[in-house]
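Single-letter residue listing:
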Amino acid sequence: RELLREARQAPGGIAHRLLHFFRRAADEAEQGSRELTRELILEMVRVSQVERSRDLYAAFGALIEDGVERGEISSALDVAFHAELAVATYTGILINWVSLPDYPLRERLLATARLLARALDTENSRAAGGEGVPGAVAPRRRNRSRGDAR
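Quick notes on the rules
- Residues numbered from 1 in each chain as written.
- Predicted model: local features only at pLDDT ≥ 70, side-chain atom pairs only at ≥ 80, totals over all residues.
- Heavy atoms only, no water.
- Helix = DSSP H or I, 4+ residues; strand = E, 2+ residues; numbered from the N terminus.
- Buried < 20%, exposed > 50% of the residue type's maximum accessible area, 1.4 Å probe, protein only.
- Contact = heavy atoms within 4.5 Å.
- Core = buried A, V, L, I, M, F, W, Y, C linked by side-chain atoms within 4.5 Å.
- Axes fitted to C-alpha atoms, helices over the stretch in contact; angles between N-to-C directions.
- Parallel < 35°, antiparallel > 145°, perpendicular 65-115°, else oblique.
- Left-handed = near helix turned anticlockwise from the far one by under 90°.
- Nonpolar A, V, L, I, M, F, W, Y, C, P; charged D, E, K, R; others polar.
- Polar contact = N/O pair within 3.5 Å; in protein donor to acceptor, adjacent residues only side chain to side chain.
- Salt bridge = Lys/Arg side-chain N within 4 Å of Asp/Glu carboxyl O.
- Phe/Tyr/Trp six-rings, centres within 6.5 Å; stacked < 30°, edge-to-face > 60°.
- Lys NZ or Arg CZ within 6 Å of the ring centre and 35° of its normal.

J.: If you had to explain the overall build of the protein chain to someone new, which residues and values would you point to?
T.: Looking only at helices and strands, the protein chain features 7 helices and 0 strands. Along the protein chain, from the amino end to the carboxyl end, the secondary structure elements read α-α-α-α-α-α-α. Within the protein chain, the fraction of its 150 residues that count as buried is 38%. Residue pairs at least 24 apart in sequence account for 66% of intrachain contacts in the protein chain once pairs closer than 6 positions are excluded.

The structure is reproduced here in structure tokens:
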């Protein structure tokens, strides 16, 4: 939760703030013990619907809501669902890391940040001068004028 509070204060838009959170989460996890992380995750999973888990959902929701308030993210977006997706992905990656010896934690967390940023990005925010997603590849446009039916 503290890392999410820190991410909310980081410069830049939602994409940079997501990258900030997941990069710092990788730093913290890699500096700590896998055994301790495993125990913490197992406890979190065990009490997944209790206060600590709700706090994590709320913290991710607040980070996303900040993007809505700044106009980076459409107000029509389901903030609760995207916060749920972020928490599920984050905890799933941590579970894999503590379970699989060669799991690429940092790579997966940073890929998650980019994926979530793309999921939150809207045409409106890009058209309004939003920063878009760092490291993202622009989608290819289909050329329907030449009969391309892809």
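J.: Tell me about the nonpolar core, residues and numbers included.
T.: In this structure, Leu18, Phe21, Phe22, Phe60, Tyr90 and Leu109 are the most contacted members of the largest nonpolar core, which totals 38 residues. Secondary-structure elements contributing two or more residues to this core are helix 1 (2-9), helix 2 (14-31), helix 4 (51-69), helix 5 (79-99) and helix 6 (105-120). Leaving out residues up to four positions away in the same chain, Phe60 has contacts with Leu4, Phe21, Phe22, Ala83, Ala86, Val87 and Tyr90.

J.: Hey, could you go over the packing of helix 5 against helix 6 for me, with residue numbers and the actual values?
T.: At a minimum axis separation of 10 Å, helix 5 and helix 6 run at an interaxial angle of 170°. Viewed along their axes, helix 5 and helix 6 adopt a mutual orientation that is roughly antiparallel. Viewed along their axes, helix 5 and helix 6 form a crossing whose handedness is right-handed. Note on element contacts: helix 6 touches helix 5 through Leu105, Arg108, Leu109, Thr112, Leu116, Ala119 and Leu120, opposite His82, Leu85, Ala86, Thr89, Tyr90, Ile93, Leu94 and Trp97. Counted by class, the contact of helix 5 with helix 6 contains 11 nonpolar, 3 polar and 1 charged residues.

J.: Requested: an account of the side chain of Glu72, with residues and values cited.
T.: Mapped onto the elements, Glu72 comes out in the loop between helix 4 and helix 5. Polar side-chain contacts of Glu72 include one of 2.5 Å to the side chain of Arg70.

J.: Quick one: what's the story with the pattern of salt bridges, residue by residue and with numbers?
T.: All chains considered together, the criterion is met by 8 salt bridges. Glu72 is the salt-bridge partner of Arg70, the closest N and O atoms lying 2.5 Å from each other. Note on Arg70: relative accessible area 36%, which makes it partly exposed. If you follow the salt bridges from partner to partner, you end up with Glu6, Arg24 and Glu28 in one network.

J.: Describe the packing of aromatic side chains, with residues and values.
T.: For the structure on display, the rule yields 6 aromatic pairs. A centroid spacing of 5.2 Å and a plane angle of 65° characterise the contact between Phe21 and Tyr90, whose relative ring orientation is edge-to-face. Here the residue Phe21 occupies a position in helix 2, and Tyr90 occupies one in helix 5, the gap between them amounting to 69 residues. With respect to class, Phe21 is no different from Tyr90; both count as buried. Put simply, the rings of Phe21, Phe22, Phe60 and Tyr90 touch in pairs and so form one group of aromatic residues. Residue placement shows Arg108 over the ring face of Tyr103; its charged tip is 5.5 Å from the ring centre.

J.: Give a detailed account of the environment of Leu3, specifying residues and quantitative values.
T.: Its location among the elements puts Leu3 in helix 1. Considering only alpha carbons, one finds Leu3 and Phe21, 18 residues apart in sequence, at a separation of 6.1 Å. Discounting residues that sit within four places of it in the chain, Leu3 has contacts with Phe21, Arg24, Ala25 and Glu28.

Nothing here speaks to function; it is all geometry.
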